[in-house]
Amino acid sequence: MYKELGIKENILNLANEVEEEIKPIFNEINKTCEENSLKVLQAFRKNNISDMHFNSTTGYGYGDIGRDTIEKVFAQVLGAEDSLVRSQFISGTHALTVALFAFLRPGNTMLSICGKPYDTLDSVIGIEENASSLKSFGIKYEQIDLIDNEFDIESISKRVKEGNIKLIEIQRSRGYSLRNSITMDKLEKVIKIIKDIDSNIIIMIDNCYCEFVGTKEPLQIGADIIVGSLIKNLGGGIAPNGAYIAGRKDLVELAGERLTSPGQGKEVGPSLGMNKSILQGLFFAPSVVASSLKTAVFSSRMLEKLGYNPSPKYNEKRADIVQTIAFGNKEDLIKYCQGIQMGSPVDSNSIPEPWDMPGYGDQVIMAAGAFTQGSSIELSCDAPIRPPYVAFMQGGLTYEYGKIGVLKAISNMQE
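Description of the structure in this document. Quantities reported herein were computed from a predicted structural model and do not represent experimental measurements. (Residues numbered from 1 in each chain as written. Predicted model: local features only at pLDDT ≥ 70, side-chain atom pairs only at ≥ 80, totals over all residues. Heavy atoms only, no water.)

A full pass over the atoms with the stated rule returns 23 salt bridges. In this structure, Arg301 engages Glu21 in a salt bridge whose closest nitrogen and oxygen atoms are separated by 2.8 Å. Within this pair, whereas Arg301 is found in helix α9 (residues 275-305), its partner Glu21 is found in helix α1 (residues 9-21), the two being separated by 280 residues in sequence. Residue Arg301 is classed as buried on the basis of its relative accessible area, which comes to 14%. (Salt bridge = Lys/Arg side-chain N within 4 Å of Asp/Glu carboxyl O. Helix = DSSP H or I, 4+ residues; strand = E, 2+ residues; numbered from the N terminus. Buried < 20%, exposed > 50% of the residue type's maximum accessible area, 1.4 Å probe, protein only.)

So, about the sheet that holds strand β8 (residues 309-311). As summarised here, the arrangement of the 5 strands in space is β8-β9-β12-β11-β10, forming an open sheet in which the pairing is antiparallel. For this open sheet the edge positions go to β8 and β10 (364-367), each flanked by a neighbour on one side alone. When strand polarity is set aside, the average angle formed by the axes of neighbouring strands in this sheet is 20°. Here β10 runs beside strand β11 (residues 380-384); their pairing, made up of 4 bridges, is antiparallel. (Pairing = 2+ DSSP bridges. Axes fitted to C-alpha atoms, helices over the stretch in contact; angles between N-to-C directions.)

Here helix α7 (residues 184-197) is 14 residues long and its end C-alpha atoms lie 20 Å apart, about the 20 Å a rise of 1.5 Å per residue gives. For α7, the complete set of buried residues consists of Met184, Leu187, Val190, Ile191, Ile194 and Lys195. Along the axis of α7, the buried residues cluster in a sector spanning 130°; they form a single face. Residues of α7 that are exposed and angled more than 90 degrees away from the buried face: Lys189, Lys192 and Asp196. Those residues of α7 hidden inside the fold are in contact with α6 (153-162), β4 (167-171) and β5 (202-206). (Expected span 1.5 Å × (residues − 1). Arc of directions from axis to C-beta. Contact = heavy atoms within 4.5 Å.)

With that settled, consider the packing of aromatic side chains. Enumeration over the complete set of coordinates arrives at 9 aromatic pairs. Ring centres of Tyr60 and Tyr62 lie 5.5 Å apart, and the angle between their planes is 35°; this geometry places the pair in the tilted category. Both rings, one in Phe298 and one in Tyr399, keep their centres 6.1 Å apart while their planes meet at 85°; by these two values the pair is edge-to-face. In this pair, Phe298 sits in helix α9 while Tyr399 sits in helix α11 (residues 399-414), placing the two residues 101 residues apart along the sequence. (Phe/Tyr/Trp six-rings, centres within 6.5 Å; stacked < 30°, edge-to-face > 60°.)

Hydrogen bonds between backbone atoms are what pair the strands of a sheet, whose relative direction is either parallel or antiparallel. With mixed pairing, 7 strands are arranged side by side in an open sheet as β1-β7-β6-β5-β4-β2-β3. Lying at the two open borders of the sheet, with one neighbouring strand each, are β1 (82-86) and β3 (140-143). Going across the sheet, the axis of each strand differs from the next one's by a mean of 20°, ignoring polarity. For strand β2 (residues 109-112) and β3, the ladder comprises 4 bridges, and the chain directions are parallel. The residue of β3 that forms the bridge with Ser112 is Gln143.

Next up on the list: the environment of Arg318. Note that Arg318 resides in the loop between β8 and β9 (323-326). C-alpha of Arg318 to C-alpha of Arg45: the two residues are 273 residues apart in sequence and 30 Å apart in space. With near-sequence residues (within four places) excluded, Arg318 lies in contact with Val213, Leu293, Ala296, Val297, Ser300, Pro312, Lys313 and Gln323. A polar contact is formed between the side chain of Arg318 and the side chain of Gln323, at a distance of 2.9 Å. (Polar contact = N/O pair within 3.5 Å; in protein donor to acceptor, adjacent residues only side chain to side chain.)

As structure tokens, then:
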């Protein structure tokens, strides 16, 4: 059957060698999965999840007990005082936008301390001119870059002491940059330094791609608010859309009033039949994230042995599910992405090509044969077409499907 799929014998032999080598890492991933599964199950049990919570509301959504209980479950799992978990969020970028507009006011300053955030926030912040940006409302933006993948503690401390910073944004995952993702130990250190200088600063974490990679979340080490997407880790490949904002109760209330309207906030918003999918997705999320991590570890070692430059390396500590591969040339990059598409369950006969995608400065190729459009907890691979031609791969609902997709991509690249 591998032969029928076009996967070469030499690649299969290499895969067998690699799987033996990475068994100890898989064992550690399994332990993390078990601990996170216990956490999720306890939240379901404590909040007495039952069939009635799967019911749906329409219209205004007043008194939606399922929706309200879901937000209690997410809060417990993430270590938050409260959470806002809604299908009305279109994406992680939308949830981040709602949060920023909820917390910032004209004259305030937002500071990013890990360089420029993900490309789709350029128009939100005003890095790229937009009449609806934070900048257009008189909200200032500053950034401090990482130095050799470390927070620039000296510059951060100096700027915080100068004052007039309302919110500090930290994007844990790398986005389309080539820096490393932010580990929890580095995050905890910088949060403590900031809070010791000014405890009133809001520390907001873009947690996309990072949930359940470890056993702690940023709220448990001092962050005020975290934001993520349900078509990434916490949706478990089942939630068809949505996102969450979780953390301090007062901040979650502000976000609710920005998503809906002042005076209504979290009290409105129909679930439209989504409650069961959101709960079931969260229930499966620890296992799905573990599968994504295993797929990333496997691909990293395979491609390293084939002479490419993956990051993280297979045995490095991980903060998210994203695996990058520097191919060094456009042809291998495109072939690899096209192979991921060929090894997908949906639209496997489609051939992705680079195109001018809204919100991005370079042409982008995106491979995602996913059940949910844009889902990146399902195996996907995308890349801006620019040197050093790095692919950003993530996801894998099961390790077996993820492995097959990677093998198909490598075989396609070698044809």
